[in-house]
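Next come the chains, spelled out residue by residue.
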Amino acid sequence: MPATPKPEILAAFEAAKGFMPMDEGLALYAAAAEAGRLGLPLLEVGTYCGRSTVLLADAAREAGVTALTVDHHRGSEEQQPGWDYHDPETVDPEIGLMDTLPTFRRTLHRAGLEEHVVALVGRSPQIAALWARPLGLVFVDGGHTDEHASADYEGWAPHVAEGGLLVIHDVFPEPEDEFTGQAPYRVHQRALASGAFTEVSATGSLRVLRRRGAGI
Ligand code: SAH
Ligand code: MG
């Protein structure tokens, strides 16, 4: 039986702003719970307002590990003013730029999960370049351009431990299904072609891959 979150965690997930439906959230939670058994941190790229972070954080708490979440909090291209995924509430009125960090912190606080999460605020490739520790799970849900998605894969996939999981969101194999582009799909194909990962599950646009080698 895959691990499922408690009702209060599901309620916090549903109450949070963000871009993840319930079925994909449950698949992410199950993957995070499984990867947590490696005893290594779980890392997300693309915090936004903390919707998926709630799930990683609860799985991390259950496993006694830390969840890390990376975002510059200035929003992706398609979330900027005038674009389809823009939410005016995410703009800091003082400087006129998006800032999702305050909403993210409220989400985590309300869910009672602050102490299980370390937020890394900055550009994903810049943080990845400083990183040198194995991770139990890497969840790629950041920028959707080829530049950003490839950099996330190149920067973080090498840190997935043997038997650990690489989870990719917004994988749309059919061009007609795309609404944010097919860069995550190309990254997914690249991960499989590398021979380092095998696919474990597919739920909606969420793909779970496992690094070959000693497992959980
Ligand atoms: N996981 C979230 C959605 C993430 S949206 C949820 O469940 O709702 C994508 C996020 O990636 C945005 O908040 C954006 O600011 C961030 N992002 C995009 N490119 C980035 C980069 N290069 N470095 C850090 N964060 C980035
Ligand atoms: Mg996404």
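The structure under discussion appears in the preceding block.
Residues numbered from 1 in each chain as written. Chains lettered and ligands numbered in written order. Predicted model: local features only at pLDDT ≥ 70, side-chain atom pairs only at ≥ 80, totals over all residues. Heavy atoms only, no water.

A. Spotlight on empty space enclosed by the protein. Counted according to the given criterion, the structure contains 1 cavity of 30 Å³ or more. By volume, the largest cavity amounts to about 60 Å³. Along the walls of the largest cavity sit Val140, Asp141, Gly142, Gly143, His144, Ala149, Ile168, His169, Pro184 and Val187, which together make up its complete lining. Counted by class, the lining of the largest cavity contains 5 nonpolar, 4 polar and 1 charged residues. (1 Å grid on protein atoms, 1.4 Å probe; cavity = no way out; pocket = protein on both sides within 12 Å on 5 of 7 lines; lining within 4 Å. Points joined across faces, edges and corners; volume = space filled by probe spheres on them. Nonpolar A, V, L, I, M, F, W, Y, C, P; charged D, E, K, R; others polar.)

B. Seen up close, helix H7 (residues 183-193). Where H7 is concerned, the buried positions are Ala183, Pro184, Val187, His188 and Ala191. End-on view of H7: buried residues confined to an arc of 145 degrees, all on one side of the axis. Next to the buried residues of H7 lie helix H6 (146-156), strand S7 (160-168), strand S8 (197-203) and strand S9 (206-211). Where H7 ends, the next residue or the one after it, Gly195, has phi of about 80 degrees, a positive value. (Buried < 20%, exposed > 50% of the residue type's maximum accessible area, 1.4 Å probe, protein only. Helix = DSSP H or I, 4+ residues; strand = E, 2+ residues; numbered from the N terminus. Arc of directions from axis to C-beta. Contact = heavy atoms within 4.5 Å.)

C. Highlighting the coordination of the magnesium ion (ligand 2). At this site the magnesium ion (ligand 2) is bound by Asp141 (OD), His169 (ND1) and Asp170 (OD), with donor distances of 2.0 to 2.3 Å. Each donor residue of the magnesium ion (ligand 2) belongs to the same chain, and together they define the spacing D-x27-H-D. Residue Asp170 is classed as buried on the basis of its relative accessible area, which comes to 9%. (Donors = N, O, S within 2.8 Å, 3.2 Å for Na, K, Ca; no water.)

D. Just unusual backbone geometry, in detail. At His73, a residue that is not glycine, the phi angle is positive and equals roughly 65 degrees. Note on placement: His73 falls in the loop between strand S2 (67-71) and strand S3 (91-92). Of note in this structure, Asp170 is not a glycine but carries a positive phi near 65 degrees. Mapped onto the fold, Asp170 is located in the loop between S7 and H7.

E. Region of interest: the sheet that holds strand S6 (residues 135-140). With mixed pairing, 7 strands are arranged side by side in an open sheet as S5-S2-S1-S6-S7-S9-S8. Both edges of this open sheet fall to strand S5 (117-121) and S8, since each of them pairs with a single strand only. Sheet twist, expressed as the mean angle between neighbouring strand axes with direction ignored, is 20 degrees. Pairing between S2 and S5: 5 bridges, direction parallel. Its bridge partner lying in S5, Asp71 is registered against Val121. On top of the sheet, helix H3 (residues 51-63) reaches strand S1 (42-45), S2, S5 and S6; it is set at about 175 degrees to S1, its chief contact. (Pairing = 2+ DSSP bridges. Axes fitted to C-alpha atoms, helices over the stretch in contact; angles between N-to-C directions.)

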